[in-house]
Amino acid sequence: MLRIAAAILLLGGIPEMIFAGTYLPEAHMGYGYSAGILALLAGLVCLIMFGTVLQPTFIDQTYGYFANASPAFLQFLPSTPPGMMRPR
């Protein structure tokens, strides 16, 4: 959901600037362009931040497997028990 919101912000800034250039009066056009540029930057920052969110790949009654976990997070977890296969 966060990645979709970031993409909407990123892509929504372009039509917003076109709308501002077409329909806003000359005195307020700068505000419209500024809002569009801020939406583009906010979408880009959010897309970078939320691009690698921790995602579950497999969960059963005993274990859970996740993708995109950072090494700093993984060092606090116990290792996989011997003989147990990791799902792909």
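Quantities reported herein were computed from a predicted structural model and do not represent experimental measurements.

A. Main features of the packing of aromatic side chains. Throughout the structure, instances matching the rule amount to 2 aromatic pairs. Between Phe 19 and Tyr 23, the ring centres sit 5.1 Å apart and the planes meet at 45 degrees, which makes this aromatic pair tilted. With Phe 19 and Tyr 23 both in helix α1 (residues 2–23) and 4 residues apart, this pair spans about one turn of that helix. Consider the rings of Phe 58 and Tyr 65, whose centres lie 5.9 Å apart with planes at 45 degrees: the pair is tilted.

B. Up close: unusual backbone geometry. A positive phi angle is found at Asn 68, which is not glycine, with a value near 65 degrees. Mapped onto the secondary structure, Asn 68 falls in the loop between β2 (64–67) and α3 (71–74). A relative accessible area of 42% places Asn 68 in the partly exposed class.

C. Just helix α2 (residues 29–49), in detail. Between its first and last C-alpha atoms α2 spans 30 Å; for 21 residues at 1.5 Å apiece the expected length is 30 Å, and the two agree. Of all the positions in α2, only Met 29, Gly 32, Gly 36, Ala 39 and Gly 43 are classed as buried. Each buried residue of α2 sits inside an arc of 85 degrees when the element is viewed along its axis, so together they form one side. Of the exposed residues in α2, those oriented more than 90 degrees away from the buried face are Tyr 31, Leu 38, Ile 48 and Met 49. Check the buried side of α2 and you find it contacts α1.

How each quantity is defined
- Residues numbered from 1 in each chain as written.
- Predicted model: local features only at pLDDT ≥ 70, side-chain atom pairs only at ≥ 80, totals over all residues.
- Heavy atoms only, no water.
- Phe/Tyr/Trp six-rings, centres within 6.5 Å; stacked < 30°, edge-to-face > 60°.
- Helix = DSSP H or I, 4+ residues; strand = E, 2+ residues; numbered from the N terminus.
- Buried < 20%, exposed > 50% of the residue type's maximum accessible area, 1.4 Å probe, protein only.
- Expected span 1.5 Å × (residues − 1).
- Arc of directions from axis to C-beta.
- Contact = heavy atoms within 4.5 Å.

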